[in-house]
Amino acid sequence: MSLPRVISTIVAIAVALCMLLLGGWYFTIGMCIIVYLGQSEYFKLVRAKGIEPASKITLVVSQVLLLVGAIGSGIDDALFPVAGTLICFYLLFLPKIASIADISTSLFGLFYGGYLPSYWIRLRVGFDPVTASSFPFDTNWSRLLDFDLSILPRAFAITLLSFMCIMVTDIGAYLFGKWLGRTRLSEISPKKTVEGAIFGIMSSVGMGLSGAWVLHWHHWYIGGVALGILIGMTSMLGDLTESVMKRDAGVKDSGDLIPGHGGMLDRTDSYIFTAPLVYYFFKLVLPLI
């Protein structure tokens, strides 16, 4: 691993931890910046195909979606079709007649680049509004030495666990696939292997089990395995989806923003489809386990 890649990784982890720790508007603004950069790269890929999406208005309404998710007003899902309608309305009144590709890529940009990531804000900020807006820095930190994580805000703990499951999935799949990978997983991305994918999911399950045990979930072994499999599979789906778009656009990376890693979308693709599934897992499924 090159030095720029190592430095970029350390900086990215530090920024992500600060966002998670602070929560509230700090996390929200950080996510808004990340989404804007990733969505801009997506529209760059689209334009490489000669398509002219409604990128400006899509970027704006996506930011609105994120901010509404932080407020927790309950109109998040209602705003999504309204935003899509505004985008179509905008395209219909352009001097140039919009094509099917213009409309579909604009709406997918809203869904993929704005709506799905908004679930991370719902999880960290809106999921537990009593404690999500600020982190209790004045607490007795020595209790952490006894694995007493009850001092941590619930929204922070479950979001951090989800992020860690995604990280170990990516790391496990990469390292094991490079070491013992023999069977190609998909023609979409020739470097990804079945062996790497299996080990990546196993890594996510291991992290899920560890987190569920430390957080004292009821039937932690069931919840940990379920979360690990869910995140392991959907994070790979996000990775492959971005690979399809890059392959179609004829580029290796979505951008060059992050030294040694490529673009913002290259580093966050695993978090996109995972967001709503993780949110509803904690909201609907885990209470039943």
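The structure displayed is predicted, hence computed values, not measured ones. (Residues numbered from 1 in each chain as written. Predicted model: local features only at pLDDT ≥ 70, side-chain atom pairs only at ≥ 80, totals over all residues. Heavy atoms only, no water.)

(A) Region of the structure containing the overall build of the chain. Looking only at helices and strands, the chain has twelve helices and zero strands in total. Its helices and strands taken in sequence order, the chain reads α-α-α-α-α-α-α-α-α-α-α-α from the N to the C terminus. For 289 residues, the compact-globule estimate of 2.2 N^0.38 gives 19 Å, and the chain sits close to it at 20 Å. Expressed as lengths along the three principal axes of its C-alpha atoms, the size of the chain is roughly 65 × 50 × 40 Å. Once local pairs closer than 6 in sequence are excluded, the contacts in the chain between residues at least 24 apart make up 69%. Carbon and sulfur atoms make up 71% of the accessible area of the chain, which totals about 14700 Å². Treating the 20 positive side-chain charges of the chain as one cloud and the 19 negative ones as another, the clouds have centres 5 Å apart. (Helix = DSSP H or I, 4+ residues; strand = E, 2+ residues; numbered from the N terminus. Rg over C-alpha atoms; globule rule 2.2 N^0.38 Å. Contact = heavy atoms within 4.5 Å. Areas by Shrake-Rupley, 256 points an atom, 1.4 Å probe, with all protein chains shown as cover. Lys, Arg positive; Asp, Glu negative; His and termini not counted. Charge placed at Lys NZ, Arg CZ, Asp CG, Glu CD.)

(B) Geometry of the pattern of salt bridges. Within the structure shown, the criterion is met by eight salt bridges. Here Lys192 and Asp239 are joined by a salt bridge, their closest N and O atoms 3.5 Å apart. Of the two residues, Lys192 is situated in the loop between helix H8 (154–180) and helix H9 (194–214) and Asp239 in helix H10 (residues 220–249); the sequence distance between them amounts to 47 residues. Its relative accessible area of 23% is what places Lys192 among the partly exposed residues. A relative accessible area of 19% means that Asp239 is categorised as buried. Residues joined by salt bridges that share partners form a network here, namely Glu242, Lys246 and Asp266. (Salt bridge = Lys/Arg side-chain N within 4 Å of Asp/Glu carboxyl O. Buried < 20%, exposed > 50% of the residue type's maximum accessible area, 1.4 Å probe, protein only.)

(C) Geometry of the state of the cysteines. For the structure on display, the rule yields zero disulfides. Cys32 forms no disulfide, and the closest cysteine sulfur to it belongs to Cys18, at a distance of 18 Å. (Disulfide = S-S within 2.5 Å.)

(D) Spatial organisation of the environment of Lys96. As for its position among the elements, Lys96 is in the loop between helix H4 (76–92) and helix H5 (100–115). Residue classification places Lys96 among the partly exposed residues on the basis of a relative accessible area of 42%. Taking the C-alpha atoms as reference, Lys96 lies 9.9 Å from Glu52; in sequence the two are 44 residues apart. Each residue touching Lys96, except ones within four places of it in the same chain, is listed here: Glu52, Leu91 and Asp102.

(E) Expanded view of helix H12 (residues 274–285). Looking only at H12, the buried set comprises Thr274, Ala275, Pro276, Val278, Tyr279, Phe281 and Phe282. Buried residues along H12 sit against helix H6 (118–126), H8 and H10.

(F) Highlighting the nonpolar core. Counting residues in each nonpolar core, the largest one holds 56 residues, and the members touching the most others are Phe27, Trp120, Leu123, Trp217 and Phe282. Per-element accounting of this core gives the leading share, eight residues, to helix H2 (residues 24–47). (Core = buried A, V, L, I, M, F, W, Y, C linked by side-chain atoms within 4.5 Å.)

(G) Structural detail: a nonpolar patch on the surface. Taken together, the side chains of Leu3, Val6, Ile7, Ile10, Val11 and Val15 make up a nonpolar region of the molecular surface, amounting to roughly 530 Å² of accessible area. By the element assignment, Ile10 lies in helix H1 (residues 3–22). (Patch = residues over 30% accessible without salt bridge, like charges linked within 9 Å, V, L, I, M, F, W, Y side chains within 5 Å.)

(H) The packing of H8 against H10, seen in detail. Two numbers describe how H8 lies on H10: the axes approach to 9 Å, and their chain directions differ by 60°. One finds that H8 runs oblique with respect to H10. Crossing angle aside, the handedness with which H8 passes H10 is right-handed. The residues of H10 that touch H8, namely those facing Leu161, Ser162, Cys165, Ile166, Thr169 and Ala173, are Leu227, Ile231, Gly232, Ser235 and Met236. (Axes fitted to C-alpha atoms, helices over the stretch in contact; angles between N-to-C directions. Parallel < 35°, antiparallel > 145°, perpendicular 65-115°, else oblique. Left-handed = near helix turned anticlockwise from the far one by under 90°.)

(I) Region of the structure containing H5. In this model H5 runs 21 Å from its N-terminal to its C-terminal C-alpha over 16 residues, within 8% of the 22 Å that 1.5 Å per residue would give. Among the residues of H5, Asp102, Thr105, Ser106, Gly109, Leu110, Tyr112, Gly113, Gly114 and Tyr115 are the ones counted as buried. Tucked inside the fold, the buried residues of H5 contact H2, helix H3 (55–71), H4, H6, H10 and helix H11 (264–268). (Expected span 1.5 Å × (residues − 1).)

(J) Expanded view of the packing of aromatic side chains. A complete count under the given rule lists 22 aromatic pairs for this structure. Arranged with centres 5.8 Å apart and planes meeting at 55°, the rings of Tyr112 and Phe273 form a pair that is tilted. Taken as a pair, Tyr112 in helix H5 and Phe273 in the loop between H11 and H12 lie far apart in primary sequence, 161 residues in all. Here Trp220 and Tyr221 contribute two aromatic rings whose centre-to-centre distance is 5.8 Å and whose plane-to-plane angle is 80°, an arrangement assigned as edge-to-face. Residue class for Trp220 comes out partly exposed when judged on its relative accessible area of 34%. Pairwise contacts between aromatic rings join Tyr42, Phe43, Phe80, Phe108, Phe111, Tyr112, Tyr115, Tyr119, Phe273, Tyr279 and Tyr280 into one cluster. Seen from the ring of Tyr119, Arg122 lies directly overhead, with NZ or CZ sitting 3.9 Å from the centre. (Phe/Tyr/Trp six-rings, centres within 6.5 Å; stacked < 30°, edge-to-face > 60°. Lys NZ or Arg CZ within 6 Å of the ring centre and 35° of its normal.)

(K) Spatial organisation of the environment of Leu21. Note that Leu21 resides in helix H1. It is 20 Å that separates the C-alpha atoms of Leu21 and Met207, two residues lying 186 residues apart in sequence.

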